[in-house]
Amino acid sequence: MRAAIYDGPGEISVEDVPRPEIEAPGDAIVRVTHTAVCGSDLWFYRGESDREAGSRVGHEPMGIVEAVGDDVDSVRPGDRVFAPFVVSCGYCEYCRRGLHTSCVNGDSWGGDNGGAQGEYVRSPHADGTLVRVPDRYADDEDVLESVLPLTDVMGTGHHAAVSAGVDAGDTCVVVGDGAVGLCGVLAARRLGASRIVAVGHHPDRLELAAEFGATETVLGGDGTDVVDRVRELTYGGAEHVLECVGAASAMEQAVEVCRPGGTVGYVGVPHGVDDAGVPIFDMFGDNVALRGGVAPVRAYADELLEDVLGGTLDPSPIFTETVSLEEIAAGYRAMDERDAIKVLVEP
Ligand SMILES: [Zn+2]
Ligand SMILES: [Zn+2]
């Protein structure tokens, strides 16, 4: 089969690799029809995080079940499924608590499982991991494009909103206008926030944030004091802040626009935060709580899928470019150069 391979910073190739096979009775093989390039893929693409050259990449698979092991009950060959960015068993202590990212039987999509940016992927613990799309929507391209973000960014944006404690009538700030931040806006609106201030660096993305439900947008850069502006808009900060970037500067900004006694929900993969530190003294002084972490997307998949299928949630506008698997290197480039918000890949 064909699969994307990371060859080193800035280099993604597509090569022939062995097709994964059923190895355990709980496995399923999925023929990948839709997948995506992730903002988090850019860290290794830019050489800013370590990844072994020659490794398979991709973690946002959707496709058709090709084969299942003897123990698999929840899906059958021919079913349309998608899966969150990590494998989870569904029955361990943490899966039962909705913390699937800490699953004791967890696994990733890379390595022998094939990588999700490829033609086929093996899902260990298929019953716990795969989410079935009802047959009546299984071949509806528009619906599938709206479902695909549930593999990662929509669930992650939702986790930011939940972690920040967003509830009906609340005022919140979303820091970051990437795919996760935009999904954070959708999630905050879905949870009933009445004011959503979106903070970002790209006018076109903030425009999309406004379409997604942001009531105000604040464009950073060029001397704009974002923190002052947001504090002014929120009369001293918002009680609920979604940090959707992961960079130390974004974390700092999130804490600074958080109202005393408020909560920052953070979901961006921390980057540079080790060196710079979280602004613990600001947090201490204002009793700002920090909640969140890697999003247990599987825990939210069913409720978010219901809304997507019901037509009340549509994150698909984040896909501003579609490429074939053979063209995936161009997809990485487009995201790296910020020409695309998120790239959909069709193997
Ligand atoms: Zn991702
Ligand atoms: Zn588990």
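Residues numbered from 1 in each chain as written. Chains lettered and ligands numbered in written order. Predicted model: local features only at pLDDT ≥ 70, side-chain atom pairs only at ≥ 80, totals over all residues. Heavy atoms only, no water.

## Describing the coordination of the zinc ion (ligand 1)
Angles between donor atoms at a metal ideally measure 109.5 degrees for a four-coordinate tetrahedral arrangement and either 90 or 180 degrees for a six-coordinate octahedral one. In the first shell of the zinc ion (ligand 1), the protein supplies Cys38 (SG), His59 (NE2), Glu60 (OE) and Asp152 (OD), at 1.9 to 2.2 Å from the metal. Bound by 4 donor atoms, the zinc ion (ligand 1) shows angles of 99 to 117 degrees at the metal and therefore tetrahedral coordination geometry. For the zinc ion (ligand 1), the single-chain donor residues occur in sequence as C-x20-H-E-x91-D. Accessibility expressed as a relative area gives 1% for Glu60, which makes it buried. (Donors = N, O, S within 2.8 Å, 3.2 Å for Na, K, Ca; no water. Tetrahedral: all angles 85-135°; square planar, octahedral: opposite > 155°, others 65-115°. Buried < 20%, exposed > 50% of the residue type's maximum accessible area, 1.4 Å probe, protein only.)

## Quick word on the packing of aromatic side chains
Under the defined criterion, the tally for this structure stands at 3 aromatic pairs. An angle of 75 degrees between the planes, with centres 5.0 Å apart, marks the rings of Tyr6 and Phe44 as edge-to-face. Residue Tyr6 is located in strand E1 (residues 2-8), and its partner Phe44 is located in helix H1 (residues 41-45); the two are separated by 38 residues in the primary sequence. Assessed through its relative accessible area of 3%, Tyr6 is described here as buried. Measuring from ring centre to ring centre gives 6.5 Å for Phe44 and Tyr332, while their planes differ by 50 degrees; the resulting arrangement is tilted. Here the residue Phe44 occupies a position in helix H1, and Tyr332 occupies one in helix H13 (residues 328-336), the gap between them amounting to 288 residues. (Phe/Tyr/Trp six-rings, centres within 6.5 Å; stacked < 30°, edge-to-face > 60°. Helix = DSSP H or I, 4+ residues; strand = E, 2+ residues; numbered from the N terminus.)

## Re the side chain of His100
When you line up the elements, His100 lands in the loop between helix H2 (93-96) and strand E7 (120-123). The residues contacting His100, other than those within four sequence positions of it, are Ser88, Tyr94, Cys95, Pro296, Arg298 and Ala299. (Contact = heavy atoms within 4.5 Å.)

## Side note on the coordination of the zinc ion (ligand 2)
For the zinc ion (ligand 2), every protein donor is listed as Cys89 (SG), Cys92 (SG), Cys95 (SG) and Cys103 (SG), and the spread of their distances is 2.3 to 2.4 Å. In this structure, the zinc ion (ligand 2) is surrounded by 4 donor atoms whose angles at the metal cover 101 to 116 degrees, and the resulting shape is tetrahedral. Read N to C, the donor residues that coordinate the zinc ion (ligand 2) are spaced as C-x2-C-x2-C-x7-C. Overall, Cys95 belongs to the buried group, its relative accessible area being 5%. According to the relative accessible area criterion, Cys103 is buried, its value standing at 10%.

## What to know about the packing of helix H5 (residues 153-163) against helix H6 (residues 179-190)
Running from amino to carboxyl end, H5 crosses H6 at an angle of 60 degrees, the nearest separation of the two axes being 7 Å. Classified by the angle between their axes, H5 and H6 sit oblique to one another. Considering only the axes of H5 and H6, their crossing is right-handed. Contacts between H5 and H6 involve Val153, Met154, Thr156, Gly157, His158 and Ala161 on the former and, on the latter, Ala179, Val180, Cys183, Gly184, Leu186, Ala187, Ala188 and Arg190. (Axes fitted to C-alpha atoms, helices over the stretch in contact; angles between N-to-C directions. Parallel < 35°, antiparallel > 145°, perpendicular 65-115°, else oblique. Left-handed = near helix turned anticlockwise from the far one by under 90°.)

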